[in-house]
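Here is what each chain is made of, one letter per residue.
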Amino acid sequence: QVQLVESGGGLVQAGGSLRLSCAASGRTFSSSAMGWFRQAPGKEREFVAGISWNGGYTNYAGSVKGRFTISRDNAKNTVYLQMNSLKPEDTAVYYCNTWPPSHSVDWGQGTQVTVSS
């Protein structure tokens with residue numbers, strides 16, 4: 001069974017940093033593009049950042065470009081999201097999945113990021 005487990009969220013003041021991790025188990029994702037997504041209260045889930053299978057290509061939502069960095073370690077089957085200069089509008093539950101999301105991969109429980117002003 002494929003499982004994605006996100007971690008690293010928390011409460012941080014505006015301007016602070018967090019590093020999120022997404023550990024995959026049940027199958028290897030080393031040949032899959034992976035992405036981070038987020039969902040704020042009352043809003044649809046949205047794309048945040050994506051990375052190609054070998055890390056050679058990345059893409060970011062305009063709202064996080066220049067502040068967030070996605071990376072991956074295929075040996076550990078783990079994807080990371082370094083978030084700097086956090087803003088209150090970054091407050092959301094953050095999820096990882098394949099990029100684009102796959103219907104065959106269940107969403108994990110996500111990790112809550114709360115940025116206080």
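Above this text is the structure in question.
All figures in this text were calculated on a predicted structure; none of them were measured in a lab. (Residues numbered from 1 in each chain as written. Predicted model: local features only at pLDDT ≥ 70, side-chain atom pairs only at ≥ 80, totals over all residues. Heavy atoms only, no water.)

## Some thoughts on the overall build of the protein chain
At step 1: Helix and strand counts for the protein chain stand at zero helices and ten strands.
At step 2: Ordering the α and β elements of the protein chain from the N terminus gives β-β-β-β-β-β-β-β-β-β.
At step 3: Taking 2.2 N^0.38 as the reference for a compact globule, 117 residues should give roughly 13 Å; the C-alpha atoms of the protein chain span a radius of gyration of 13 Å, in line with that estimate.
At step 4: Taken over 117 residues, the protein chain has a buried fraction of 43%. (Helix = DSSP H or I, 4+ residues; strand = E, 2+ residues; numbered from the N terminus. Rg over C-alpha atoms; globule rule 2.2 N^0.38 Å. Buried < 20%, exposed > 50% of the residue type's maximum accessible area, 1.4 Å probe, protein only.)

## Observations concerning unusual backbone geometry
At step 1: With an omega of 0 degrees, the peptide bond running from Trp-99 to Pro-100 counts as cis.
At step 2: Mapping Pro-100 onto the fold places it in the loop between strand E9 (92-98) and strand E10 (111-116).
At step 3: Backbone geometry at Ser-85 places phi at a positive 50 degrees, although glycine is not the residue there.
At step 4: We classify Ser-85 as partly exposed; its relative accessible area is 41%.

## Overview of the nonpolar core
At step 1: Among the nonpolar cores identified, the biggest contains 28 residues, and Trp-36, Leu-81, Met-83 and Tyr-94 are the most heavily contacted of them.
At step 2: Contributions of two or more residues to this core are made by strand E3 (18-25), strand E4 (34-39), strand E5 (46-51), strand E7 (68-73), strand E8 (78-83), E9 and E10.
At step 3: Top contributing element to this core by residue count: E3, with four residues. (Core = buried A, V, L, I, M, F, W, Y, C linked by side-chain atoms within 4.5 Å.)

## Focus: the sheet that holds E10
At step 1: Strand order in this open sheet of six strands is E2-E10-E9-E4-E5-E6, and the pairing throughout is mixed. In this open sheet, the two edge strands, each paired with only one partner strand, are strand E2 (10-13) and strand E6 (58-60). Here the average twist between neighbouring strands, direction ignored, is 25 degrees.
At step 2: Bridging between E5 and E6 involves three bridges; their strand directions are antiparallel. In the strand pairing of E6, Gly-50 is matched with Asn-59. (Pairing = 2+ DSSP bridges. Axes fitted to C-alpha atoms, helices over the stretch in contact; angles between N-to-C directions.)

## Brief notes about the sheet that holds E8
At step 1: Reading across the sheet, the four strands line up as E1-E3-E8-E7 and stay open at both edges, with antiparallel pairing between neighbours. Because the sheet does not close on itself, it has two edges, and the strands there are strand E1 (3-7) and E7. Strand-to-strand twist of the sheet, defined as the mean angle between neighbouring strand axes without regard to direction, takes the value 15 degrees.
At step 2: By the bridge criterion, six bridges tie E7 to E8 in an arrangement that is antiparallel. Residue pairing across strands places Thr-69 opposite Gln-82, the latter belonging to E8.

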